[in-house]
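Fold and contact review
Residue-level listing of the chains:
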Amino acid sequence: MIKFILGRLAYLIPTFIGITIVAFGFVRILPGDPVLLMAGERGMTPEHYQDMMQRLGFDRPIWAQYLEYLWKLLHGDFGNSIVTKQPVLSDFLALFPATLELAICAIVIAMLVGVPVGVLAALKRGSWFDQVTMTVALIGYSMPIFWWGLLLIILFSGVLGWTPVSGRISLLYYFPAPTGFMLIDSLLSGQKGAFSSAASHLVLPSIVLATIPLAVIARQTRSAMLEVLGEDYVRTARAKGLSPGRVVGVHALRNAMIPVITTIGLQVGVLMAGAILTESIFSWPGIGKWMVDSISRRDYPVVQSGLLLIAGIVMIVNLVVDLLYGLINPRIRHR
Amino acid sequence: MAVMTQAPAPGTRRQMLAEFWFYFRANRGALYGLYFFIALVLVALLAPLLAPHDPILQDRTALLTPPFWQEGGTTAYLLGTDAVGRDILSRLIFGARYSLFIGVVVVSISLIGGIVLGLVAGFFGGWIDMVIMRVMDVILAFPSLLLALVLVAVLGPGLTNAMIAIAIVSQPHFARLTRASVLGEKNREYVMAARVAGAGRMRLMFRTILPNCLAPLIVQATLSFSGAILDAAALGFLGMGAQPPTPEWGTMLAEAREFILRAWWVVTLPGLAILVTVLAINLMGDGLRDALDPKLKRS
């Protein structure tokens, strides 16, 4: 098993180096001079310009600049935002819990609904339940989620007035945020109504973000289940007189879950892309909105490091999924 | 359902097409998707004839007119007007041109790029293979919309750059698929035979091996087609894709955002157009997969 883990880690190193090259190169291929870009609208004197060039190391060969960039990264220096002047890493860490909270809620919704629906659809293959849910799943899979979010706002915030339009919690509440997760912090604060305010802000964005993963998981669970139900060991289990519940729950579902877990892992990238759109629609103060805002504000250090951090997280989650996959499926591990 | 043999039965091209059509037709959803897609292509081609108004002409006397069946609507603007008095129906009709164009361009670029890279990687192997596939891994490590967004920020907002960015991020899927099929095919007997008969590398790659790798690529192409439409609309929605007053559906949605609680039609209709188009293409994709790839489970 250790060999397997090390093998996977070694496999990641070239990819990680590639990601840093992309993030590093991103600022280089921008049209215009990087120092003038950072100076912004005001411009600067020639002396100041030379000084900046030297201080930022732009007068040195590109490979030396890259190595220095890498060196800084390894020491946790991700540069400073032009707009907030704060280190990018601290901004990222401050905003990340908001995105994580949203993403966790979305993936939980997607799994809690998607897996049972997929299993039932497979068990009742060809029934009206199968046809309706799989049609809905295909619609969900085809959904432009930015539009779906606007529709939900029209219905639940505009017409019914049930949920707020944007933000994480009503401005009436203010309390320290030790965990960064609004649901937990609002409970800890003990303020009346804070938790329900946080929850009502979270509902619509979670549903929007869950839509595509839910559709994918439902479809994948159904086809994995159908495949497993046709296997010899399921027939054996049936033939030796096990109850249908046991056959499905123990013999079939456990094996069908293997590809489904991979699918769920692959959804992390989808969730990050979805977070960009979802957070923009609901003004959710997470890293998706932060990236979009930084791109439109031309805050390039943020874009550069944000890109790197997000890709890094996606990579690590995929690694964990890979390892989990090896753990539950020995055939992979020993290959 | 009947089971196809793994290798297509020897026969003329017409027989193979007939067989494909037989399986494709069995899938009702795919058939509806195809009909809708054909209709959409016609609408896009005939847009100047079909659209009742100029898509960017502003009628200052009719701002935010509701659709004709609602109170205050007129039959002059069947689906109403937007905030600056442009006819929504005409904009939707012209928008079909943009979406189909985006799909065609993105899929063509990424398909050609992916096939060439995948063929080279799979055929030559060794360090060429390793370099190409690691580069593909790097592209795939970024969430596609985020990478496209950043690429557009570098290249400058606009439809052309959005299409280039989306093509770059969707191309690794084609490269991986092509490489995997090439690895499966290149040691088969017919390739050996061609090699022994003296076929050159180019001929081996493009004439001998490639045609046998096409089925999964066609399925992936439909998926990328709908994905490209969605991503381009998302970029337009974020203000980084087609720029106003282009009647691109995502851009229309972005312009309509502030009216969501006042004028439902300016928001609902462009999104519905995106959804139905993407759905139709995905339905076709499911049908193609079932008809072309007997190895995948029929379900």
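Residues numbered from 1 in each chain as written. Chains lettered and ligands numbered in written order. Predicted model: local features only at pLDDT ≥ 70, side-chain atom pairs only at ≥ 80, totals over all residues. Heavy atoms only, no water.

A few words now on the overall build of chain A. What chain A contains, in helices and strands, is 14 helices and 0 strands. Going from the N terminus to the C terminus, chain A shows its helices and strands as α-α-α-α-α-α-α-α-α-α-α-α-α-α. Dimensions of chain A along its principal axes, counting C-alpha atoms only, are 85 × 55 × 35 Å. Going through the 335 residues of chain A one by one, you find that 47% of them count as buried. Partitioning the intrachain contacts of chain A with sequence separation of at least 6 by distance along the chain shows that 70% fall at a separation of at least 24. (Helix = DSSP H or I, 4+ residues; strand = E, 2+ residues; numbered from the N terminus. Buried < 20%, exposed > 50% of the residue type's maximum accessible area, 1.4 Å probe, protein only. Contact = heavy atoms within 4.5 Å.)

Time to look at the interface of chain A and chain B. Listed by partner, the interface residues are 45 residues for chain A and 38 residues for chain B. Between chain A and chain B lies a buried interface of about 3,800 Å² when both sides are counted; carbon and sulfur atoms form 81% of it. The interface formed by chain A and chain B includes 1 salt bridge. Our count for the contact surface shared by chain A and chain B stands at 5 residue pairs in polar contact (both at pLDDT 80 or more). Secondary structure elements with two or more residues in the side of chain A that touches chain B: helix H1 (2-28), helix H6 (128-141), helix H7 (145-159), helix H9 (194-229), helix H11 (244-282), helix H12 (287-297) and helix H13 (300-328) of chain A. The residue inventory of the side of chain A that touches chain B, partitioned by class, reads 35 nonpolar, 6 polar and 4 charged. (Buried area = accessible area lost by both parts, 1.4 Å probe. Salt bridge = Lys/Arg side-chain N within 4 Å of Asp/Glu carboxyl O. Polar contact = N/O pair within 3.5 Å; in protein donor to acceptor, adjacent residues only side chain to side chain. Nonpolar A, V, L, I, M, F, W, Y, C, P; charged D, E, K, R; others polar.)

When pLDDT is low, close inspection of the predicted coordinates is not appropriate. Per-residue confidence for chain A gives a mean pLDDT of 84, with 93% of residues at or over 70. Between the elements of chain A, mean pLDDT differs from a low of 65, seen in helix H14 (residues 330-333) of chain A, to a high of 93, seen in H6 of chain A. (pLDDT = per-residue confidence, 0-100.)

The next subject is the nonpolar core. In this structure, Phe146 of chain A together with Leu235, Val266 and Val267 of chain B are the most contacted members of the largest nonpolar core, which totals 134 residues. Once residues within four sequence positions are removed from consideration, Leu235 of chain B is found in contact with Leu145, Ala148, Leu149, Val152, Ala162, Ile166, Met240 and Gly241 of chain B. In terms of nonpolar packing, the next biggest core, distinct from the first, is built from 29 residues, Leu102, Ala103, Val119 and Ala237 of chain A among them. (Core = buried A, V, L, I, M, F, W, Y, C linked by side-chain atoms within 4.5 Å.)

Before going further, it helps to spend a moment on the packing of aromatic side chains. Two numbers describe a pair of aromatic rings. These are the distance of the centres and the angle of the planes. All names here are of chain A. Across all of its chains, the model carries 15 aromatic pairs over all chains by this definition. Seen from their ring centres, Phe92 and Phe96 are 5.3 Å apart, and the 15° between their planes marks the pair as stacked. Of this pair, Phe92 and Phe96 both sit in helix H5 (residues 88-123), separated by 4 residues, roughly a single helical turn. The exposure class assigned to Phe92 is buried, which follows from its relative accessible area of 4%. Both rings, one in Trp128 and one in Phe129, keep their centres 6.3 Å apart while their planes meet at 80°; by these two values the pair is edge-to-face. Taking relative accessible area as the criterion, Trp128 reaches 65% and is therefore assigned exposed. (Phe/Tyr/Trp six-rings, centres within 6.5 Å; stacked < 30°, edge-to-face > 60°.)

Further remarks concern the packing of H1 of chain A against helix H4 (residues 62-74) of chain A. Residue and element names in this part refer to chain A. Interhelical geometry of H1 versus H4 gives an angle of 120° and a closest axis separation of 11 Å. With respect to H4, the axis of H1 lies oblique. For the crossing formed where H1 meets H4, the hand is right-handed. Where H1 approaches H4, its residues Ile17, Thr20, Ile21, Ala23, Phe24 and Arg28 are matched on the opposing element by Ile62, Gln65, Tyr66, Tyr69, Leu70 and Leu73. (Axes fitted to C-alpha atoms, helices over the stretch in contact; angles between N-to-C directions. Parallel < 35°, antiparallel > 145°, perpendicular 65-115°, else oblique. Left-handed = near helix turned anticlockwise from the far one by under 90°.)

Counting through the fold element by element, Ser110 of chain B comes out in helix H4 (residues 88-124). Apart from residues no more than four positions distant in its own chain, Ser110 of chain B is found in contact with Ala167, Ser170, Gln171 and Phe174 of chain B.

On to the side chain of Ser280 of chain A. One can find Ser280 of chain A in helix H11. Given the relative accessible area of 11%, Ser280 of chain A is considered buried. Those residues in contact with Ser280 of chain A that lie beyond four places of it in its chain are Ala275 and Val292 of chain A together with Leu238 and Arg257 of chain B.

We now examine the pattern of salt bridges. Side chains carrying opposite charge are able to pair once their charged atoms draw close together. If you walk through the whole model with that rule in mind, you get 16 salt bridges over all chains. The salt bridge involving Asp137 of chain B is made with Arg134 of chain B; its shortest N-O contact spans 3.0 Å. Separated by 3 residues within a single helix, Asp137 of chain B and Arg134 of chain B lie in helix H5 (residues 126-141), roughly one turn from each other. A salt bridge links Arg289 of chain B to Asp286 of chain B; the nearest nitrogen and oxygen atoms lie 3.9 Å apart. Placement of the pair is Arg289 of chain B and Asp286 of chain B together in helix H12 (residues 264-292), with a separation of 3 residues, close to one helical turn. Residue class for Arg289 of chain B comes out partly exposed when judged on its relative accessible area of 24%. Here the salt bridges do not stand alone but share partners, grouping Arg219 of chain A together with Asp286, Arg289 and Asp290 of chain B into one network.

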